[in-house]
Amino acid sequence: DQQVKQNSPSLSVQEGRISILNCDYTNSMFDYFLWYKKYPAEGPTFLISISSIKDKNEDGRFTVFLNKSAKHLSLHIVPSQPGDSAVYFCAASAFGGGADGLTFGKGTHLIIQP
Amino acid sequence: DTAVSQTPKYLVTQMGNDKSIKCEQNLGHDTMYWYKQDSKKFLKIMFSYNNKELIINETVPNRFSPKSPDKAHLNLHINSLELGDSAVYFCASSQVVATSQYFGPGTRLLVL
C-alpha cells in the first residue's frame, strides 16, 4: 500500500525550461514533506522540505508547493539545468508522531535535454 | 570529510553467510537509520536509532540486527543471507527524528 505516490516514472524537459515533479500522498498524518535527488551509485541528497503549516517553500531554483486538501505536492525547478538530471524522490513523515522515519515514493527520473 | 559513510560499498556473498555493513556519521546527529532499496527502487525504512536506542523496527526478519555502539555508528548485521536480501542498503542520519536526513552512498549487496 503506497502512501506516497509519484506517478510519473520519468520526465523529459528542455534545458532552461521549468521542470515540475508531482507527488501524491494518502496518509493524513503526514505533516512534513521532503524532496531528495539521487544520482546513480550515490545516496539520496536532501533538496528541499516543507512543513504542513506552509503551502510554499523556495530555495534558489527549487520551489515546493503543498496542497493539503488535495494531498498533493510538487517540486518546481526553474530554470532546469543539465546537472538536474537525476532521480527525484518525494518523502513524507508524520513528524508530530515522531518515530516513523521517512516514507518514500518510487521516484521520478528527470532528464534535462540540451 | 564525508558526512555519512558506509562500508563496504559492494558486497557479494553466498546464501547462508553472515555479513555486516558499517555506517558512521560525523554530523553529530542523534538519530540514525537503515533503509533498503529493492529491485523496484522502493526505499523503505528498516530501523531507526535515537541516541543508541532502537525506536523503529519495521517488519524486518530477525536475521537483520542493527547495533549501535555509539551515537555516531549504526551497523547492520545480517545472518543466514537469502537471495531476496539482494538490494542496496542505505544508512542515514538526522538531528531530529524523521526530519531532513543525510544519506550514505549505499552498500550494494548481492547474494548468490
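Residues numbered from 1 in each chain as written. Chains lettered and ligands numbered in written order. Predicted model: local features only at pLDDT ≥ 70, side-chain atom pairs only at ≥ 80, totals over all residues. Heavy atoms only, no water.

1. Topic: the overall build of chain A
Scanning chain A from terminus to terminus reveals zero helices and 11 strands. Scanning chain A from its N terminus toward the C terminus, one meets helices and strands in the order β-β-β-β-β-β-β-β-β-β-β. Rg of the C-alpha trace for chain A: 13 Å, near the compact-globule value of 13 Å for 114 residues, within the 12% margin. Each principal axis of the C-alpha atoms in chain A carries an extent, and together these give about 45 × 30 × 20 Å. The buried share of chain A, taken over its 114 residues, is 43%. In chain A, the proportion of contacts linking residues at least 24 apart, taken out of those at least 6 apart, comes to 55%. (Helix = DSSP H or I, 4+ residues; strand = E, 2+ residues; numbered from the N terminus. Rg over C-alpha atoms; globule rule 2.2 N^0.38 Å. Buried < 20%, exposed > 50% of the residue type's maximum accessible area, 1.4 Å probe, protein only. Contact = heavy atoms within 4.5 Å.)

2. Considering the pattern of salt bridges
Residues and elements named next belong to chain B. Counted by the stated rule, this structure contains five salt bridges over all chains. In this structure, Asp30 engages Lys71 in a salt bridge whose closest nitrogen and oxygen atoms are separated by 2.9 Å. Placement of the pair is Asp30 in the loop between β3 (19–25) and β4 (31–37) and Lys71 in the loop between β7 (64–70) and β8 (73–78), with a sequence separation of 41 residues. Salt-bridge contacts for Glu82 lead to Arg63; the nearest nitrogen and oxygen are separated by 3.5 Å. With a gap of 19 residues between them, Glu82 in the loop between β8 and β9 (87–94) and Arg63 in the loop between β6 (53–57) and β7 connect regions that are remote in the sequence. By relative accessible area, Arg63 is classed as buried at 14%. Salt bridges linked by common partners bring Arg63, Glu82 and Asp85 together as one network. (Salt bridge = Lys/Arg side-chain N within 4 Å of Asp/Glu carboxyl O.)

3. Let's talk about the state of the cysteines
All names here are of chain A. For the structure on display, the rule yields two disulfides over all chains. The side chain of Cys23 participates in a disulfide bridge whose partner is Cys90; the two sulfur atoms lie 2.0 Å from each other. Between Cys23 and Cys90, the S-S torsion sits near -75 degrees, and that sign places the bridge as left-handed. One end of the pair, Cys23, is in strand β3 (residues 19–25); the other, Cys90, is in strand β9 (residues 86–93), with 67 residues separating them in the sequence. We classify Cys23 as buried; its relative accessible area is 1%. (Disulfide = S-S within 2.5 Å.)

4. Here we look at the packing of aromatic side chains
Under the criterion given, the structure shown has 12 aromatic pairs over all chains. Relative to A:Phe33, the ring of A:Tyr25 has its centre 4.6 Å away and its plane inclined at 40 degrees; by these criteria the two rings are tilted. Taken as a pair, A:Tyr25 and A:Phe33 share a single burial class, namely buried. Here B:Phe64 and B:Tyr89 contribute two aromatic rings whose centre-to-centre distance is 6.3 Å and whose plane-to-plane angle is 35 degrees, an arrangement assigned as tilted. With B:Phe64 in strand β7 and B:Tyr89 in strand β9, this pair connects stretches of sequence that are 25 residues apart. Ring pairing ties together the aromatic residues A:Tyr36, A:Phe46, A:Phe89, A:Phe104, B:Tyr33, B:Tyr35, B:Phe90 and B:Phe103, which thus form one cluster. When the ring centre of B:Phe42 is taken as origin, the NZ or CZ atom of B:Lys44, which lies over that ring, is 6.0 Å away. (Phe/Tyr/Trp six-rings, centres within 6.5 Å; stacked < 30°, edge-to-face > 60°. Lys NZ or Arg CZ within 6 Å of the ring centre and 35° of its normal.)

5. Some points on unusual backbone geometry
Look at the link from A:Val78 to A:Pro79: it is a cis peptide, with omega at -5 degrees. Mapped onto the elements, A:Pro79 comes out in the loop between β8 (72–77) and β9. Look at the link from B:Thr7 to B:Pro8: it is a cis peptide, with omega at -5 degrees. In this fold, B:Pro8 is placed in the loop between β1 (4–7) and β2 (10–13). Positive phi, normally seen in glycine, also occurs at A:Ala41, with a value near 65 degrees. With respect to the secondary-structure elements, A:Ala41 resides in the loop between β4 (32–38) and β5 (45–51). A positive phi is found at A:Lys71, a non-glycine position, where the angle reads about 50 degrees. A:Lys71 gets classed as partly exposed once you look at its relative accessible area, which sits at 25%.

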